[in-house]
Amino acid sequence: MRIILAASGSRGDVQPMVALAGGLQAGGHSVLVCASPNHSDWVRERGVPFLPMGRDFHSYVREHAWRANANPIELLQGVAKLLESEVESQFASLLPVVKNADLVVGGSVHLAAASVAELMGVPYRYLFYCPQFLPSSEHPPWILPWSSLPTWANRLSWQVGQSAIEMTVRPLINRLRTRLGLRPIQDVLRHLVGSQPILAADPALSTVPADVEVPVLQTGALQCPASGRLPDDVEAFVLEGEPPVYIGFGSVPDPNPNRTADLIFESMWALGRRALISGEFATLNGLKVPPHCKLIPPLDHALLLPRMAAVAHHGGAGTTSAAARAGVPQVVVPHLMDQHYWGHQVFTLGMGPRPIWRRHLTARRLTRALQEALANSQMRARARSMAARLRATDPVRDTVGALLRGLPQKAPVRRQGGSADGPAARAI
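Can you tell me about the overall build of the chain, naming the residues and giving the values?
Secondary structure summary: the chain contains 16 helices and 12 strands in total. Across the 428 residues in the chain, those meeting the buried criterion constitute 56%. Within the chain, contacts between residues at least 6 apart in sequence are counted, and of these 63% link residues at least 24 apart. Here the chain has roughly 18200 Å² of accessible surface; of this, 52% comes from carbon and sulfur atoms.

Here it is as structure tokens:
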């Protein structure tokens, strides 16, 4: 089968699609990952065909100075601006390649995949990584940083949040659908998730709330298998003494990397532990790195994290799952979106201390949290127990099976006029 995997966003949004692509390729299927061009090199290094789509995601984030302490309105406005800049490119990139596909899988907030699949009469499935993407009285929308609101407040926040999403996102989609001769949509979320969405998140870490209206199939978090070995200098550092701690706040650019680096270094001096620190810091001029710290580029979490004593990270869905599979305590420093949800889950499950909001992060708070993670024997035991549960599962296999099971025949194209190769398509 010929399968298109369309994603949008940071590495955490794209990497699950790459893991899925590997599973599909192992089953003899032809795949193509479509995502922003900054992901091209590492995706192709995994042996997965790649189609650049839109602009460099990290450059956009850096240029528009997304802030970790943005309020929900600012966050939604930032997401809307990003989507507005990407939507036409998403449609234009997918139209030529979906024509001969047997299945389109949309992930993250990809606005074009569902419409283009509909235009071509190709089956469509939606893949998402956190239950918080769907309305429920058990959690607020992902734009809110709170995870313990009462049920009535969650319901109210979803009513307000969905209205804001409809006002900002629906016109973007409908403008392009009109050019293609497709009927306007009335509900953005229903349109994006389709009729059979798949939640690629570990059931041991989170589950679909009972009041979610869409029938969801949950498999597990999609992780790329360990590949190769650690760089020699990193391997040597790890072997020099007791296991170090790992600190990394994801692939999204830091608005003030010098301040963050100084904060981390101060914390490591106070903690008295060796640390591997991942991020943009290696490119900073004049940065004085303490002798017990080592700056590293992004490395394979499956290789690195099991060698650590504890992990401090931003709370991305993929990193949370990777740290859980590594069996080490976690200190979550959520910046935005669903990272607050995952920080709450880690704390609730007893695998780490209470999360530290990025806007409240100080060297002292980071030190205290890591001290607790390293000293708490029950926390370490829960982390090891969770790892054993997760390692007994095969989410890639399960997700591949879920995608291919019962695929319908190509549906008739539903459009008001024009064709995929006609003026409407060429106008995108």
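Outline the nonpolar core, listing residues and values.
Ranked by internal contacts, the top residues of the largest apolar core, which has 86 residues, are Leu5, Leu94 and Leu127. The greatest single-element share of this core, amounting to seven residues, is contributed by helix α1 (residues 11-26). Setting aside residues no more than four positions away along its own chain, Leu5 makes contact with Met17, Leu20, Ala21, Leu24, Leu32, Val33, Cys34 and Val105. Among the nonpolar cores identified, the runner-up in size contains 28 residues, and Phe249, Leu263, Ala309 and Ala369 belong to it.

An account of the pairing of strand β5 (residues 124-128) is requested, with residue identities and associated values reported.
With five of five residues buried, β5 is to be regarded as a mostly interior element. Residues Tyr124, Tyr126 and Phe128 of β5 are buried on one face, and the alternating residues Arg125 and Leu127, pointing to the opposite face, are buried as well. Bridge count between strand β4 (residues 103-107) and β5: four bridges; the pairing is parallel. Bridge assignment links Val105 to a residue of β5, and that residue is Arg125. Between the parallel elements β4 and β5, the chain passes through helix α5 (residues 113-120) in a crossover that is right-handed.

For helix α13 (residues 363-375), give the residues involved together with the corresponding values.
Compared with an ideal rise of 1.5 Å per residue, which puts 13 residues at 18 Å, α13 spans 18 Å between its outermost C-alpha atoms and is within 8% of the ideal. Burial in α13 covers these residues: Ala363, Leu366, Thr367, Ala369, Leu370, Ala373 and Leu374. Burial along α13 is one-sided: seen end-on, the buried residues are contained in an arc of 170 degrees. Across from the buried face of α13, at angles greater than 90 degrees, the exposed residues are Arg364 and Ala375.

Summarise the sheet that holds strand β2 (residues 30-35); cite the residues concerned and give the values.
Within the open sheet, the seven strands sit side by side as β3-β2-β1-β4-β5-β6-β7. Their pairing is parallel. If you trace the sheet from one side to the other, it starts and ends with β3 (50-52) and β7 (217-218), each paired once. As paired strands, β2 and β3 are joined by three bridges and run parallel to one another. Counted as the bridge partner of Cys34 is Leu51 from β3. α1 rests against β1 (2-6), β2, β4 and β5 of the sheet, and its axis sits at about 170 degrees to β2.

Which residues make up unusual backbone geometry, and what values go with them?
The residue Met337 is not glycine, and still its phi comes out positive at about 55 degrees. Along the chain, Met337 falls in the loop between β12 (330-332) and α12 (339-348).

Requested: an account of helix α14 (residues 377-391), with residues and values cited.
Here α14 spans 21 Å end to end across 15 residues, near enough to the 21 Å set by a 1.5 Å rise per residue. Every buried residue belonging to α14 is among Met379, Ala383, Met386, Ala387 and Leu390, and all of these are buried. All buried residues of α14 fall inside an arc of 105 degrees around its axis, so they share one side. Facing away from the buried side of α14 by more than 90 degrees, the exposed set consists of Gln378 and Arg389.

Account for the packing of helix α9 (residues 257-271) against α13, naming residues and giving values.
Running from N to C, α9 and α13 point in directions that differ by 45 degrees, and their axes come no closer than 8 Å. Judged by the inter-axis angle, α9 sits oblique to α13. Regarding α9 and α13, the two cross each other, and that crossing is right-handed. Contact with α9, carried on its side by Leu263, Ile264, Glu266, Ser267, Met268, Ala270 and Leu271, involves Ala363, Leu366, Thr367, Leu370, Gln371 and Leu374 of α13 and no other residues of that element. For the contact of α9 with α13, the residue count by class is nine nonpolar, three polar and one charged.

So, the packing of aromatic side chains: which residues are in play, and what are the values?
The full count for this structure, using the stated rule, is four aromatic pairs. Ring centres of Tyr126 and Phe133 lie 5.8 Å apart, and the angle between their planes is 25 degrees; this geometry places the pair in the stacked category. Considering the side-chain rings of Tyr341 and Trp342, the 5.1 Å spacing of their centres and the 90 degrees angle between planes classify their relative orientation as edge-to-face. Of the two residues examined, Tyr341 and Trp342, each falls in the buried class. The positively charged end of Arg274 is found above the aromatic ring belonging to Phe237, 4.6 Å away from the centroid.

Explain the confidence of the model for the chain to me, and be specific about the residues and the numbers.
Per-residue confidence for the chain averages 86 on the pLDDT scale, and 87% of its residues sit at or above 70. Taking the mean pLDDT of every element in the chain, the minimum, 36, falls on helix α16 (residues 423-426) and the maximum, 97, on β12. Between residues 409-428, whose pLDDT stays under 50, and residues either more than four places distant or in other chains, the model counts 40 contacts.

Any details on the environment of Pro135? Residues and values, ideally.
The topology assignment puts Pro135 in the loop between β5 and α6 (151-179). Note on Pro135: relative accessible area 25%, which makes it partly exposed. Placed 24 residues apart in sequence, Pro135 and Gln159 show a C-alpha to C-alpha distance of 8.8 Å. Beyond its immediate sequence surroundings of up to four residues, Pro135 is in contact with Trp158, Gln162, Leu189 and Val212.

Break down the pairing of β1 for me, citing the residues and quoting the values.
With four of five residues buried, β1 lies mostly within the body of the structure. Taken together, the five bridges between β1 and β2 define a ladder with parallel strand orientation. Counted as the bridge partner of Ile3 is Val31 from β2.

What counts, and where the lines are drawn
- Residue numbers restart at each chain and count upward from 1, following the sequence in its written direction.
- A pLDDT threshold of at least 70 governs which residues receive local features in this predicted model, and a stricter bar of 80 or more applies before side-chain atom pairs are shown or counted, although totals over entire chains, interfaces and linings include all residues.
- With hydrogens and water excluded, all non-hydrogen atoms of the structure serve as input to the side-chain values.
- Helix and strand assignments come from DSSP, with helices taken as H or I runs of at least 4 residues and strands as E runs of at least 2, each series counted from the N terminus.
- Each residue is assigned to one of three classes by its accessible area relative to the maximum for its type, calculated with a 1.4 Å probe on protein chains only: buried under 20%, partly exposed between the two thresholds, exposed over 50%.
- In this description, contact between two residues means that some pair of their heavy atoms is separated by no more than 4.5 Å.
- Computed with the Shrake-Rupley method and a 1.4 Å probe, the accessible areas treat only the protein chains shown as cover for residues.
- Only buried residues count toward a nonpolar core. Its members are Ala, Val, Leu, Ile, Met, Phe, Trp, Tyr and Cys residues joined through side-chain atoms within 4.5 Å.
- A strand pair is defined by DSSP finding two or more bridges across the two strands.
- If the strands point away from the viewer and the path from the first strand over the helix to the second runs clockwise, then the crossover is right-handed.
- By definition here, a helix of n residues has an expected span of 1.5 Å times n minus one.
- This arc is built from the directions going out from the helix axis to the C-beta atoms.
- A fitted line through C-alpha atoms represents every axis, and for helices the fit uses only the stretch in contact; the resulting angles, taken between N-to-C directions, go from 0 to 180 degrees.
- Put simply, angles under 35 degrees are roughly parallel, angles over 145 are roughly antiparallel, angles from 65 to 115 are roughly perpendicular, and the rest are oblique.
- Note on convention: near helix rotated counterclockwise from far helix by under a right angle means a left-handed crossing. Clockwise means right-handed.
- Residues are grouped as follows: nonpolar covers Ala, Val, Leu, Ile, Met, Phe, Trp, Tyr, Cys and Pro; charged covers Asp, Glu, Lys and Arg; every other residue, Gly included, is treated as polar.
- Any Phe, Tyr or Trp ring, taking Trp's six-membered ring, that has another such ring centre within 6.5 Å forms a pair; planes under 30 degrees apart are called stacked, those over 60 apart edge-to-face, and the others tilted.
- Counting as a charge over the ring demands two things of the Lys NZ or Arg CZ atom: a distance within 6 Å of the ring centre and an angle within 35 degrees of the ring normal.
- Think of pLDDT as the predictor's per-residue confidence, scored from 0 to 100.

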